[in-house]
Amino acid sequence: MSTNQWAIGIDLGGTKIEVALVNSSGIVRDRLRLPTESQQGYKAVLKRIAGTVRQLSEQNGDAAPSSIGIGVPGQISNSSGIVHYAPNLDWHEVALEADLSAMLDKHVRVCNDVKAATWGEWYFGAGKDCDDFVCIFIGTGIGGGIVSGGHMLVGCNNTAGEIGHMTIDMHGPECHCGNKGCFESLAGGWAIKRDAQAMIEANKDAGKLMLSLVGNDISKVTARTVAEAVQKKDILAGKIVDDLANAIIAGSSAIINTLGPHRLIFGGGVIEGMPQLLDQVTKGVKKNALKAATKGIEIFPAKLHNDSGVIGAAAFSLDSWNKTQNLHSKDYEKKG
Ligand SMILES: [Zn+2]
């Protein structure tokens, strides 16, 4: 692959859309951000995305993009680029890849947003040069991407990697998906918020520091409040974080025993807010997972932070474009 190729990477979120011009070394040169406003409907959102891509291309006339990649929070068909269902956007069966490609007359690829972030970490981040790793992104929910034997696992219906809905405790709390005791119902941001509010409600004295951080409005307590309080050595916040670490250790041990990865890469707002969790998790998995499976295991924070989605979507689309042009690079061939 030539190092002076350009692609546009788009991270489509429930509230905002990030559109970035990225080169084939994973460097972001320019970016534009726009609100999603999904209530306007699919066609209006699509039109605004296309307009933003045109604007970004015009601003950077000397760096014409070969392709466009877009990460979407939902279930996507890998072959057709149809978005089957994106709950945050209220999209059902929309032909995003074909529609955007027709509007912009460019090679467009659509993938799941967490898989896009995993592509980013694989090409240019903490998964670089590694053939067996799992990305675990802990934000409001938990998403994952699995690279095994030098391939991104997609499964027969492109849903592989939904580690947030792996059952950790069959008698555990109800999850948004309808199951009980899923990984994210114990360790996702929304679960931390639920537990923190319940524990403060049960003992307001123990929760007084956290309450003071949110103007005594318990409904404003979130994972961020817990992260802030634990830095101030608050005992109740410390207990919440210990429970959280145990849930992450349980989930990580199951992943390690099942997939035998060389690396676990942790990203997302909860991890960025509580980086000390990774030491606890490293110690815990070495104790709980199978000895043979943890031999040589490495646990790293994600490297690309909020840019993993745009960088990964751009790289994924460029890889696909180069395949159609028979411009395989040595680096990209193994990832096909
Ligand atoms: Zn679930």
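Residues numbered from 1 in each chain as written. Predicted model: local features only at pLDDT ≥ 70, side-chain atom pairs only at ≥ 80, totals over all residues. Heavy atoms only, no water.

A.B. asks: What is the right way to look at helix H3 (residues 113–124) in this model?
C.D. replies: An α-helix turns once per 3.6 residues; consequently, residues spaced three or four apart project the same way. The end-to-end C-alpha distance of H3 is 16 Å, a good match for the 16 Å that twelve residues give at a rise of 1.5 Å each. Of all twelve residues that make up H3, eleven are buried, and the element is covered over most of its length. Residues Val114, Lys115, Ala116, Ala117, Thr118, Trp119, Gly120, Glu121, Trp122, Tyr123 and Phe124 constitute the buried set of H3. (Helix = DSSP H or I, 4+ residues; strand = E, 2+ residues; numbered from the N terminus. Expected span 1.5 Å × (residues − 1). Buried < 20%, exposed > 50% of the residue type's maximum accessible area, 1.4 Å probe, protein only.)

A.B. asks: Can you walk me through the nonpolar core in this structure?
C.D. replies: If you look at soluble globular proteins, the nonpolar side chains tend to sit buried side by side. Within the largest apolar cluster, 44 residues are counted, with the highest numbers of intra-cluster contacts made by Ile136, Val226, Phe266 and Leu277. Counting residues per element, this core draws most heavily on helix H8 (residues 235–259), which supplies eleven residues. Judged by nonpolar contacts, the second largest core, of 31 residues, contains Val19, Leu34, Leu96 and Leu100. (Core = buried A, V, L, I, M, F, W, Y, C linked by side-chain atoms within 4.5 Å.)

A.B. asks: For this particular structure, what's the right way to read the environment of His171?
C.D. replies: Mapped onto the elements, His171 comes out in the loop between strand S11 (151–152) and helix H4 (183–187). Here the alpha-carbon distance between His171 and Thr159, two residues twelve residues apart in the chain, equals 25 Å.

A.B. asks: Explain the side chain of Arg263 to me, please; I cannot follow it from the model alone.
C.D. replies: Take Arg263: it is sitting in strand S12 (residues 263–267). Classification of Arg263 as buried rests on a relative accessible area of 14%. Looking at Arg263, its side chain comes within polar contact range of the main-chain oxygen of Ala126, at 2.8 Å. Within polar-contact distance, the side chain of Arg263 engages the backbone oxygen of Lys128 at 3.4 Å. When near neighbours in sequence (up to four residues on either side) are disregarded, Arg263 contacts Ala126, Gly127, Lys128, Cys130, Asp132, Phe133, Val134, Glu298 and Phe300. (Polar contact = N/O pair within 3.5 Å; in protein donor to acceptor, adjacent residues only side chain to side chain. Contact = heavy atoms within 4.5 Å.)

A.B. asks: Help me understand the pairing of strand S2 (residues 16–23) in this model?
C.D. replies: In the case of a regular strand, side chains alternate between the two sheet surfaces. Most of S2 sits out of view: seven of its eight residues are buried. Note that strand S1 (residues 6–12) and S2 share seven bridges and pair antiparallel. Across the sheet, residue Leu12 finds its bridge partner in S2, namely Ile17. Adjacent in sequence and paired antiparallel, S1 and S2 are bridged by three residues. Across seven bridges, the pairing between S2 and strand S3 (residues 28–35) is antiparallel. For Glu18, the partnering residue across the bridge sits in S3 and is Arg33. Following S2, the chain reverses through four residues before pairing antiparallel with S3; Gly26 in that reversal takes a positive phi of roughly 80 degrees. (Pairing = 2+ DSSP bridges.)

A.B. asks: Sorry if this is basic, but what is going on with the sheet that holds strand S7 (residues 91–94) here?
C.D. replies: What holds strands together in a sheet is hydrogen bonding between their backbones, with the strands either parallel or antiparallel. Judged by pairing direction, the sheet is antiparallel, and its three strands sit side by side in the order S5-S6-S7 without closing on themselves. Whereas interior strands pair on both sides, the edge strands pair on one side only; in this sheet they are strand S5 (75–76) and S7. With three bridges connecting them, strand S6 (residues 83–86) and S7 associate as antiparallel partners. Bridging from a neighbouring strand, Tyr85 pairs with His92 of S7.

A.B. asks: Honestly, the sheet that holds S12 in this entry has me stumped. Any pointers?
C.D. replies: Read across the open sheet, the five strands follow the order S11-S10-S9-S12-S13; overall the sheet is mixed. Since the sheet does not close on itself, it has two edges, and those belong to S11 and strand S13 (298–301), each with one partner. Note that strand S9 (residues 133–138) and strand S10 (residues 142–148) share six bridges and pair antiparallel. Note on S10: the bridge partner recorded for Ile136 is Gly144. The strands touched by helix H10 (residues 277–288) within the sheet are S12 and S13, with S13 carrying the most contacts at an inclination of about 165 degrees. (Axes fitted to C-alpha atoms, helices over the stretch in contact; angles between N-to-C directions.)

A.B. asks: Explanation requested: the coordination of the zinc ion in the structure shown.
C.D. replies: Each pair of donors in an ideal octahedron of six around a metal sits at 90 or 180 degrees, and each pair in an ideal tetrahedron of four sits at 109.5 degrees. For the zinc ion, every protein donor is listed as His165 (ND1), Cys175 (SG), Cys177 (SG) and Cys182 (SG), and the spread of their distances is 2.1 to 2.4 Å. One way to put it: the four donor atoms around the zinc ion meet at angles of 105 to 121 degrees, and that makes the site tetrahedral. Along the chain, the residues donating to the zinc ion are arranged with the sequence spacing H-x9-C-x1-C-x4-C. Remark: Cys182 occurs in the loop between S11 and H4 and His165 occurs in the loop between S11 and H4; sequence separation between them is 17 residues. (Donors = N, O, S within 2.8 Å, 3.2 Å for Na, K, Ca; no water. Tetrahedral: all angles 85-135°; square planar, octahedral: opposite > 155°, others 65-115°.)

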